[in-house]
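Here are the chains, one letter per residue:
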Amino acid sequence: MRKIVINSGKPLSGEVAVSGAKNSVVALIPAIILADDIVTLDGVPAISDVDSLVDIMEVMGAKVKRQGETLEIDPRGVENKPMPYGKINSLRASYYFYGSLLGRFGEAVVGLPGGCDLGPRPIDLHLKAFEAMGAKITYEGDNMRLSTGGTPVQGTHIFFDTVTVGATINTMLAAAKAEGRTVIENAAREPEIIDVATLLNNMGAHIRGAGTDIITIEGVKSLHGTRHQVIPDRIEAGSYIAMAAAVGEGIKITNVLYEHLESFIAKLDEMGVRMTIEEDAIFVEKQEQLKAVNIKTAPYPGFATDLQQPLTPLLLTAHGRASIVDTIYEKRVNHVPEMARMGANISTVGGRIVYEGPNQLTGAPVKATDLRAGAALVTAGLMAEGQTEITNIEFILRGYSNIIEKLTALGADIRIVED
Ligand code: EPZ
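In this convention, every chain numbers its residues from 1, walking through the sequence in written order. Restriction of local features to residues with pLDDT of at least 70 applies here, the model being predicted, together with a cutoff of 80 or more for giving and counting side-chain atom pairs; totals for whole chains, interfaces and linings are based on all residues. Excluding hydrogens and water, the side-chain figures rest on all heavy atoms present in the structure.

A. Representation of the sheet that holds strand E22 (residues 387-391). Pairing between strands is defined by DSSP: at least two bridges between them are needed. Segments assigned H or I by DSSP are reported as helices when at least four residues long, segments assigned E as strands when at least two residues long, and all are numbered from the N terminus. Taken together, four strands build an open sheet; the order of strands is E21-E22-E1-E23 and the sheet is mixed. A single partner strand is all that each edge strand has here, and the edge strands are strand E21 (365-367) and strand E23 (413-418). Going across the sheet, the axis of each strand differs from the next one's by a mean of 25°, ignoring polarity. In this structure, strand E1 (residues 2-7) lies alongside E23, joined through six bridges in antiparallel fashion. For Ile4, the partnering residue across the bridge sits in E23 and is Ile416. The angle between two axes is taken between their N-to-C directions and runs from 0 to 180 degrees, where each axis is a line fitted to C-alpha atoms and a helix contributes only its stretch in contact.

B. Quick look at the pattern of salt bridges. Counted as salt bridges are all cases of a side-chain nitrogen of Lys or Arg within 4 Å of a carboxyl oxygen of Asp or Glu. Counted by the stated rule, this structure contains 21 salt bridges. One salt bridge in this structure joins Arg66 and Asp51, with 2.7 Å as the shortest N-O distance. Of this pair, Arg66 sits in strand E4 (residues 63-67) while Asp51 sits in helix H2 (residues 48-60), and the two are 15 residues apart along the sequence. With a 1.4 Å probe rolled over the protein chains alone, any residue whose accessible area is under 20% of its type maximum counts as buried; one over 50% counts as exposed, and the rest are partly exposed. For Arg66, a relative accessible area of 36% translates into the label partly exposed. The salt bridge partner of Asp306 is Arg332, with a shortest N-O separation of 2.7 Å. Separated by 26 residues along the polypeptide, Asp306 in helix H10 (residues 305-317) and Arg332 in the loop between strand E18 (320-325) and helix H11 (335-341) bring together distant segments of the chain. For the pair formed by Asp306 and Arg332, the shared burial category is buried. It is possible to trace a salt-bridge network through shared partners that takes in Asp37, Asp74 and Arg76.

C. Local environment of the sheet that holds strand E15 (residues 275-277). Across the sheet, four strands lie side by side as E2-E14-E16-E15; this open sheet has mixed pairing. Of all strands in the sheet, those bounded by a partner on one side alone are strand E2 (12-17) and E15. Geometrically, the sheet is characterised by an average inter-axis angle of 10° between neighbouring strands, direction not taken into account. The contact definition used throughout considers only heavy atoms, calling two residues in contact when any of these lie within 4.5 Å. Where helix H8 (residues 234-247) meets the sheet, it contacts E2, strand E14 (248-254) and strand E16 (281-284), and its direction lies at approximately 165° from that of E14.

D. Molecular detail of the packing of helix H4 (residues 96-105) against helix H6 (residues 165-175). Contact geometry for H4 and H6: axes closest at 7 Å, N-to-C directions at 15°. Judged on the interaxial angle alone, H6 and H4 are roughly parallel. Crossing of H4 against H6: the hand is right-handed. Together, Tyr96, Tyr98, Gly99, Ser100, Leu102 and Gly103 of H4 and Val165, Gly166, Ile169, Asn170, Leu173 and Ala174 of H6 make up the contact between the two elements. In the scheme used here, Gly and all other residues not listed as nonpolar or charged are polar, with Ala, Val, Leu, Ile, Met, Phe, Trp, Tyr, Cys and Pro taken as nonpolar and Asp, Glu, Lys and Arg as charged. Residues belonging to the contact of H4 with H6 are distributed by class as follows: seven nonpolar, five polar and no charged. Here roughly perpendicular refers to angles of 65 to 115 degrees, roughly parallel to angles under 35, roughly antiparallel to angles over 145, and oblique to all remaining angles. Crossings are classed by handedness, with left-handed meaning an anticlockwise turn of the near helix from the far one by less than a right angle and right-handed meaning a clockwise turn.

E. Molecular detail of the domain arrangement of the protein. For the domain bounds, the source is a domain assignment made automatically or taken from a database. Here the domain parsing of the protein yields domain 1 (2-19 + 232-418) and domain 2 (22-229). A straight line from the C-alpha centre of domain 1 to that of domain 2 covers 30 Å. Contact between domain 1 and domain 2 buries roughly 1,800 Å² in total, counting both sides, with carbon and sulfur atoms accounting for 54%. Here the buried area means the combined drop in accessible surface, using a 1.4 Å probe, for two parts upon being joined, counting both sides. When the buried area of domain 1 at its contact with domain 2 is split by residue, Tyr300, Tyr329 and Arg398 rank highest and sum to 34% of it. At the junction of domain 1 with domain 2, the criterion picks out two salt bridges. Across the salt bridge formed by Arg398 and Asp49, the nearest N and O atoms sit 2.8 Å from each other. Polar contacts, as used here, are pairs of N or O atoms within 3.5 Å; protein pairs need one atom able to donate a hydrogen and one able to accept it. Residues neighboring in sequence count only if both atoms are side-chain atoms. At the junction of domain 1 with domain 2, the criterion picks out five residue pairs in polar contact (both at pLDDT 80 or more). At the level of secondary structure, the elements contributing two or more residues to the side of domain 1 that touches domain 2 comprise helix H12 (371-383) and helix H13 (394-399). A total of five residues in the side of domain 1 that touches domain 2 trace back to one element, the largest contributor, which is H13. Partitioned by chemical class, the residues of the side of domain 1 that touches domain 2 number eight nonpolar, six polar and nine charged.

F. Main features of the nonpolar core. Put simply, buried Ala, Val, Leu, Ile, Met, Phe, Trp, Tyr and Cys residues joined by side-chain atoms within 4.5 Å make one nonpolar core. Counting residues in each nonpolar core, the largest one holds 72 residues, and the members touching the most others are Ile253, Phe264, Ile390 and Leu407. The greatest single-element share of this core, amounting to nine residues, is contributed by H8. Leaving out residues up to four positions away in the same chain, Ile253 has contacts with Val16, Val18, Tyr240, Ile241, Ala244, Asp280, Ala281, Ile282 and Val284. Grouped together as the second largest cluster of nonpolar side chains are 71 residues, Ile33, Leu34, Leu71 and Leu125 included.

As structure tokens, then:
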């Protein structure tokens, strides 16, 4: 089993470039099934979720050429056949194949999605949308079959009583080539949704309102090829900004869209973090005394649930006592006992995480319990005295491209070893 070993104490400075957004590209790749010609994606991150999705696309019959951060996908050979179960189970975002296969074939047979352990990850709202568009749902072993029974997918008017990124995107995918108009109300507003709508519109779709809470999709007969640049990963950016403030001595994070991080930056301002916002970069100085602050996550443009864990190590360096409440995933607390093992004064009380600082962490063997918890442990390891070993690193490699190379370039003593 592989683990990450970190020896702290090295000064970290220099520049780190943010890669393309994981939560966008995991939808963009399945969306290409809807095209009747080649689609090329630029700025694709080197993460294992992309590897898994490329494998699935090839099993389905697509032709994929990968050149660095560019993916050229020819979906014309894609057949409608059951998805490869193992790969499906490895990542939650495999559910985007439901929407794109339904949108292209009027039918999809897929395994039920896997993903991080953040508590229950239901897909009831995805299924509610598909049923509203004429799909019948049947279960065959570990597979689920969605089928309109040969009739075209119908446009519908759907209101999501919970703001959901996945179901909003999946509905757009199924609706792009449906008969008639689809209106999504109380839609999620994340930047990744705009990125998917941009790709689909550049393929010939008619989607309006992405990024607002009402999205309208006029179904079209066919979608052609295009070329698309993946937006920068705001969660990777926030993870490196928090790391830079916690242990850096002057670090510039580049390829950052500041407007995707406004609520996160506002919290850092509240803590007293000194940084300079540039056109598409943020320079983070070495920090002095910071103030502990309360965090409450919310759907975009609120504070991202994906950033509460990567921010935690920085919070632990601040003076005072405060709390973190994740209103999206209340069980997103598995990093807390791992931080406590490193000597942090942090615990989960009821539905909230309570911490008090400042803390001097001590290196220890810890385990990544999910993707963003893993990122938090890497920063904690860079801050702690002594050596930290992190296991279950596959979680981290799912969403942080070239993290070892990026941190080594900043001066960190970090490596992956076989246990
Ligand atoms: C996306 O997950 C992201 N994943 C998550 O990032 C992110 O944390 C989440 O959005 C919230 O912003 C990808 O984009 C691949 P949701 P998703 O549907 O779409 C409930 C990471 O670290 N819900 O917005 O699965 C759900 O339980 C990952 O990169 C239903 O009840 O999240 C949650 O409480 C982790 N029924 C809330 O809605 C449904 O059918 C928001 O979930 C769907 C969701």
